[in-house]
Amino acid sequence: MNNITADTVRHIAKLARIKINDEEKLVPELSAILGFVGQLQELNTDDIPPMTTPAAGKTPLRPDTVAADASTQDILRNAPKQQDSLFVVPKIIGDNEPQ
Amino acid sequence: MNLSNLTAAQGLDLLRRKNISAAEWTDSLLANIGNSQSLNAFITPDEENARRQSRLADAAYADNTPRPLEGLPVAVKDIFCTKDLKTTAASDILKNFVPTYDSTVTLRLQRAGAVILGKTNMDEFAMGSSNENSAFGPARNPWSRDIPLSPGGSSGGSAVAVAARLAPVALGTDTGGSVRQPASLCGVVGFKPTYGRLSRFGVIAFASSLDQPGFIARTVDDIAPLFAVAAGHDPLDSTSAAQEVPARPENISTLNGLRVALPEEFTDNAAPQILSAYEKGAEILRQCGAEIIDASLPHTDYALAAYYIIAPAEASANLARYDGVRYGERAADENASLDELYEASRAAGFGDEVKRRILIGAYVLSAGYYDAYYNRARKVRTLVARDFQNVFEGADLILAPAAASDAFPIGERADPTWMYQQDIFTVPASLAGLPAISLPVMLSENGLPVGLQLIAPHFAEARLLACAKIFEDAAAFTAAPPAVDTE
């Protein structure tokens, strides 16, 4: 089950949007981790409900009201590139490329 | 008197009696921080603001209007957003990030008069148990003599700051042991409240169903006033609990009648030096009047594996926000496509362990593996939580080791799964969302501190802190790191 290959690593790196060029190093590292966590396969977990949160207390919802939040200036303060109160990103829709 | 040796309780008492000033207390700690740069405890000290706040605190005492923590110096793990003060999570991707708002916990402490000394070192995004995963280099354990020792992690800088008298108390976060384990390795007290007690708003997210702010101090007495101020419902965190916060620990003077469980799985897994501390801890509790009960947490061996699926899965989702667009570093040339921009920014900005965890998280959540890994881990989490429920039907508290070993050398271990094993005693309570406190109990044969933890049922902090205080007094751990002058 935990036999992962360089192709698998490239696939999950693509899913995670991280450029990698050390697949050969990652294969044994990730295999060791998956081997370690794979010990859960020994357990019979039929009919056990999955747990999403350990929250044991009351977690009330707040009223859904309009309130002032961060200003445009605050939101843009840490933007790596901005122009005219907008985040600058590369061109997303190509000139002639059908997407 | 060297003011940097004052505990929070001692210092606040002296401030109220006007025997010392907040300015001289803060200044003595800032001097120690300046003289201890080799410990690498702080990523961003904040001298100027700390000096200013401490002088405002003195004005409040002069006016007889001090707030509960007026003038108390606090070190803050660099994972809590602090308005206008750089907050990096020890990551290159946030190396220039300056929050425009405060985390709820730091805001509540400041509104109670606390003085923030600066932001402490940690493992990147709190992923690690040695502080070696910091983009700013590891903090160094002040108990090091010849070779540099790890302070543990991920809240390593906070534990170092408290142990080395750079701060009386510090904020940390505990996802799988990140407050309790470094506290144990540095010979100080580490407290993780019930999941949901302290707001996660403004705490840079790692694994949202596990992350919980906590405190590091040199005595149990120093925890309660911080907890009273910081805990309590926060509308800005949907998992924040609305349970009433106890104003102070229970008023008890012995442990007579208290039932403390010693799960057999912890004895089986403990290394010899940890086992001798564990046995000593049980004996101390017995002498304090507690009844020691045999117990079992049968899924303990699987807790760690479940944790190292759930935490990376949540991390891979939480860290998707670092895209090189809205905040954080961007690393791409002008001609890059949007995907290339994401991929290059994340490749340049994240360290090796963070990348491994994101990749593992993406894998266990991906089509074909979700049920086999992620869903199965969530089911095992249910089993771990049920184990605790069963033990607490016949016991008030659980005694457990706090760390798998005493402090280990920096740079010795490159194997990620070895490092994951360091969390074996702390992860089970994290999965179940239970409050726990680690306390130094003795020195190992290596002359290094070894801690134990007490684990309580949900929301039983008032009892936990009261019992921990009695245990602490009886254990009488008074050793300090070699370079610290305790006079």
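Here the structure is a predicted model, which means the values were calculated and not measured. (Residues numbered from 1 in each chain as written. Chains lettered and ligands numbered in written order. Predicted model: local features only at pLDDT ≥ 70, side-chain atom pairs only at ≥ 80, totals over all residues. Heavy atoms only, no water.)

**Regarding the overall build of chain A**
Scanning chain A from N- to C-terminus turns up 3 helices and 2 strands. In sequence order, the secondary structure elements of chain A are arranged as α-α-α-β-β. Seen through its C-alpha atoms, chain A measures out along the principal axes to roughly 55 × 50 × 30 Å. Evaluated residue by residue, chain A yields a buried proportion of 30% over its 99 residues. Put simply, of all contacts in chain A between residues at least 6 apart along the chain, 22% involve residues at least 24 apart. Summing over all exposed atoms, chain A offers an accessible surface of approximately 7000 Å²; the carbon and sulfur share of this is 51%. If you average the places of the 10 positive and of the 14 negative side-chain charges in chain A, the two averages end up 8 Å apart. (Helix = DSSP H or I, 4+ residues; strand = E, 2+ residues; numbered from the N terminus. Buried < 20%, exposed > 50% of the residue type's maximum accessible area, 1.4 Å probe, protein only. Contact = heavy atoms within 4.5 Å. Areas by Shrake-Rupley, 256 points an atom, 1.4 Å probe, with all protein chains shown as cover. Lys, Arg positive; Asp, Glu negative; His and termini not counted. Charge placed at Lys NZ, Arg CZ, Asp CG, Glu CD.)

**A look at the interface of chain A and chain B**
Each side of the interface is counted separately: chain A has 54 residues, and chain B has 74 residues. Both faces combined, the contact of chain A with chain B buries some 5600 Å², and carbon together with sulfur accounts for 66% of it. Arg17(A) is the partner of Asp339(B) in a salt bridge, and the nearest nitrogen-oxygen pair spans 2.9 Å. For the interface between chain A and chain B, the tally reads 19 residue pairs in polar contact (both at pLDDT 80 or more). Going through the elements one at a time, helix H1 (6-15), helix H2 (23-37) and helix H3 (72-76) of chain A are the ones with two or more residues in the side of chain A that touches chain B. The greatest single-element share of the side of chain A that touches chain B, amounting to 9 residues, is contributed by H2(A). (Buried area = accessible area lost by both parts, 1.4 Å probe. Salt bridge = Lys/Arg side-chain N within 4 Å of Asp/Glu carboxyl O. Polar contact = N/O pair within 3.5 Å; in protein donor to acceptor, adjacent residues only side chain to side chain.)

**Thoughts on a negative patch on the surface**
All names here are of chain B. Taken together, the side chains of Glu 264, Asp 268, Asp 294 and Asp 301 define an acidic patch exposed on the protein surface. Along the polypeptide, Asp 301 turns up in helix H10 (residues 300-318). A residue is classified by how much of its surface remains accessible, and Asp 301, at 44% relative accessible area, is partly exposed. (Patch = residues over 30% accessible without salt bridge, like charges linked within 9 Å, V, L, I, M, F, W, Y side chains within 5 Å.)

**Comments concerning the pattern of salt bridges**
It is possible for side chains bearing opposite charge to pair when their charged atoms get close. Evaluated as defined, the whole model comprises 27 salt bridges over all chains. A salt bridge links Arg356(B) to Glu29(A), with the nearest nitrogen and oxygen atoms 3.0 Å apart. Of this pair, Arg356(B) sits in helix H12 (residues 352-365) while Glu29(A) sits in helix H2, which puts the two residues in different chains. Under the relative-accessibility criterion, Arg356(B) is labelled buried at 10%. On the accessibility criterion, Glu29(A) (18% relative accessible area) is buried. Because the salt bridges share partners, they merge into one network encompassing Asp22(A), Lys25(A), Glu29(A), Glu353(B), Arg356(B) and Arg357(B).

**A look at the nonpolar core**
For soluble globular proteins, nonpolar side chains are generally found buried alongside one another. Residues and elements named next belong to chain B. Counting 180 residues, the largest nonpolar core has Leu 109, Phe 125, Leu 399 and Leu 454 as the members making the most contacts within it. Here Leu 454 is in contact with Leu 285, Leu 397, Ile 398, Leu 399, Pro 435, Ala 436, Ile 437, Leu 439, Leu 464, Cys 467, Ala 468 and Phe 471, once residues within four sequence places are set aside. In this structure, Leu 149, Ala 403, Met 419 and Leu 448 belong to the second largest nonpolar core, which totals 9 residues. (Core = buried A, V, L, I, M, F, W, Y, C linked by side-chain atoms within 4.5 Å.)

**Comments concerning the sheet that holds strand E11 (residues 449-455) of chain B**
Residues and elements named next belong to chain B. Taken in spatial order, the 11 strands of this open sheet run E1-E3-E2-E4-E6-E5-E10-E11-E9-E7-E8, and their pairing is mixed. This sheet does not close on itself; its edge strands, each paired only once, are strand E1 (42-45) and strand E8 (291-295). For this sheet, the mean inter-axis angle between neighbouring strands, taken without regard to orientation, is 30°. Examined bridge by bridge, E1 and strand E3 (residues 115-120) share 3 bridges and lie antiparallel to one another. Within the sheet, the bridge partner assigned to Pro 45 lies in E3 and is Gly 118. Together, E1, strand E2 (73-77) and E3 form the strand contacts of helix H2 (residues 22-35), whose direction differs from that of E3 by roughly 15°. (Pairing = 2+ DSSP bridges. Axes fitted to C-alpha atoms, helices over the stretch in contact; angles between N-to-C directions.)

**Some details on the pairing of E2(B)**
Residues and elements named next belong to chain B. Buried residues dominate E2, accounting for 5 of its 5 residues. Because side chains alternate across E2, one face comprises the buried residues Pro 73, Ala 75 and Lys 77, and the other comprises Val 74 and Val 76, equally buried. Sheet analysis places E2 next to E3, joined by 5 bridges and oriented parallel. Across the sheet, the residue bridging to Val 74 is Ile 116, located in E3. On the question of chirality, the crossover connecting E2 to the parallel E3 by way of helix H4 (residues 104-111) is right-handed. (Right-handed = clockwise from strand over helix to strand, strands pointing away.)

**Thoughts on the confidence of the model for chain A**
With 92% of its residues at a pLDDT of 70 or more, chain A shows a mean pLDDT of 89. Here H3(A) stands out as the element of chain A with the lowest mean pLDDT, 93, in contrast to H1(A), whose mean of 96 is the highest. (pLDDT = per-residue confidence, 0-100.)

**Remarks on the packing of aromatic side chains**
Residue and element names in this part refer to chain B. For the coordinates displayed, the defined rule picks out 16 aromatic pairs over all chains. Relative to Tyr 322, the ring of Phe 125 lies with its centre 5.1 Å away and its plane at 50°, an arrangement referred to as tilted. One end of the pair, Phe 125, is in the loop between E3 and helix H5 (156-163); the other, Tyr 322, is in the loop between H10 and helix H11 (338-349), with 197 residues separating them in the sequence. Residue classification places Tyr 322 among the buried positions, given a relative accessible area of 4%. Feature note: the residues Phe 97, Phe 125, Tyr 322, Tyr 327 and Phe 350 constitute an aromatic cluster, connected by ring pairs. (Phe/Tyr/Trp six-rings, centres within 6.5 Å; stacked < 30°, edge-to-face > 60°.)

**What to know about the environment of Gly137(B)**
Residue and element names in this part refer to chain B. Note on placement: Gly 137 falls in the loop between E3 and H5. The exposure class assigned to Gly 137 is partly exposed, which follows from its relative accessible area of 22%. Counting along the chain gives 14 residues from Gly 137 to Asp 123, while the straight-line C-alpha distance between them is 9.1 Å. Sequence-distant contacts of Gly 137, that is, excluding residues within four places in its chain, are made with Asn 40, Asn 121 and Asn 131.

**Some points on the pairing of strand E6 (residues 212-217) of chain B**
Residues and elements named next belong to chain B. Judged by how many residues are buried, E6 sits mostly within the fold: 6 of 6 residues are covered. Pairing between strand E4 (residues 169-174) and E6: 6 bridges, direction antiparallel. Across the sheet, the residue bridging to Asp 174 is Gln 212, located in E6. Examined bridge by bridge, strand E5 (residues 189-192) and E6 share 3 bridges and lie antiparallel to one another. Across the sheet, Phe 191 pairs through a bridge with Phe 215, a residue of E6.

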